[in-house]
Amino acid sequence: MATGGGGVPYIGSRISLISKSEIRYEGTLYTINTQESTVALQHVRSFGTEGRRQDGPQIAPSAEVYEYIIFRGSDIKDLHVLNAQPEGEVMPAQAAAPPQQQQQPQQQ
């Protein structure tokens, strides 16, 4: 198990996350804030709903790469590790918090 970034497992790993709105995101795990129940991903792409949404319109993928997205734990339906960061490899600047102005993109 990777423990870069101050001992938090999987920091720096590639993550796939599905929101409660059925939108899939992929990014690098930047930080987990247990007090605020948030997960921050870095260099994030949105792949849209990919046919998961049963009610309402499907959301198309986006070509935009977001520098950071902060997800509330209550907005996460599923999360899994795609590629764990190799042991001993440490991501730079993991102690710094991600910028607060970039929250999860508007979901429909």
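Residues numbered from 1 in each chain as written. Predicted model: local features only at pLDDT ≥ 70, side-chain atom pairs only at ≥ 80, totals over all residues. Heavy atoms only, no water.

### Re the pattern of salt bridges
Taken as a whole, this structure holds six salt bridges when the rule is applied. Here Arg-52 ties to Glu-22 by a salt bridge, and the two come within 4.0 Å at their closest N and O atoms. Taken together, the residues Arg-52 in the loop between strand 3 (38-46) and strand 4 (65-72) and Glu-22 in the loop between strand 1 (14-19) and strand 2 (24-33) connect sequence positions 30 residues apart. The class for Arg-52 is partly exposed, based on a relative accessible area of 23%. Here Glu-22 falls in the buried class, since its relative accessible area comes to 14%. Here Arg-72 makes a salt bridge to Asp-75, at a shortest N to O gap of 2.7 Å. The class for Asp-75 is buried, based on a relative accessible area of 19%. (Salt bridge = Lys/Arg side-chain N within 4 Å of Asp/Glu carboxyl O. Helix = DSSP H or I, 4+ residues; strand = E, 2+ residues; numbered from the N terminus. Buried < 20%, exposed > 50% of the residue type's maximum accessible area, 1.4 Å probe, protein only.)

### Comments concerning the confidence of the model for the protein chain
Summarising the model, the protein chain shows a mean pLDDT of 83, and 71% of its residues fall at 70 or more. For the protein chain, the element scoring lowest by mean pLDDT is strand 5 (residues 76-83), at 94; strand 3 scores highest, at 98. Note that residues 1-5 has pLDDT below 50 and, in this model, 17 contacts with residues that lie over four places away or in other chains. (pLDDT = per-residue confidence, 0-100. Contact = heavy atoms within 4.5 Å.)

### With respect to the side chain of Gln-42
Along the chain, the position of Gln-42 falls in strand 3. Gln-42 gets classed as buried once you look at its relative accessible area, which sits at 12%. One polar contact links Gln-42 to Tyr-68, side chain to side chain, over a distance of 3.2 Å. (Polar contact = N/O pair within 3.5 Å; in protein donor to acceptor, adjacent residues only side chain to side chain.)

### Section: the packing of aromatic side chains
Tallying each qualifying case throughout the model produces two aromatic pairs. With 4.9 Å between their ring centres and 75 degrees between their planes, Tyr-30 and Tyr-68 make a pair best called edge-to-face. A residue pair is termed long-range when its members are at least 10 positions apart, and Tyr-30 in strand 2 and Tyr-68 in strand 4 qualify at 38 residues. The class of Tyr-30 is buried, set by a relative accessible area of 4%. Its relative accessible area of 8% is what places Tyr-68 among the buried residues. Between Arg-24 and the ring centre of Phe-47, over which it is positioned, the NZ or CZ distance is 4.1 Å. (Phe/Tyr/Trp six-rings, centres within 6.5 Å; stacked < 30°, edge-to-face > 60°. Lys NZ or Arg CZ within 6 Å of the ring centre and 35° of its normal.)

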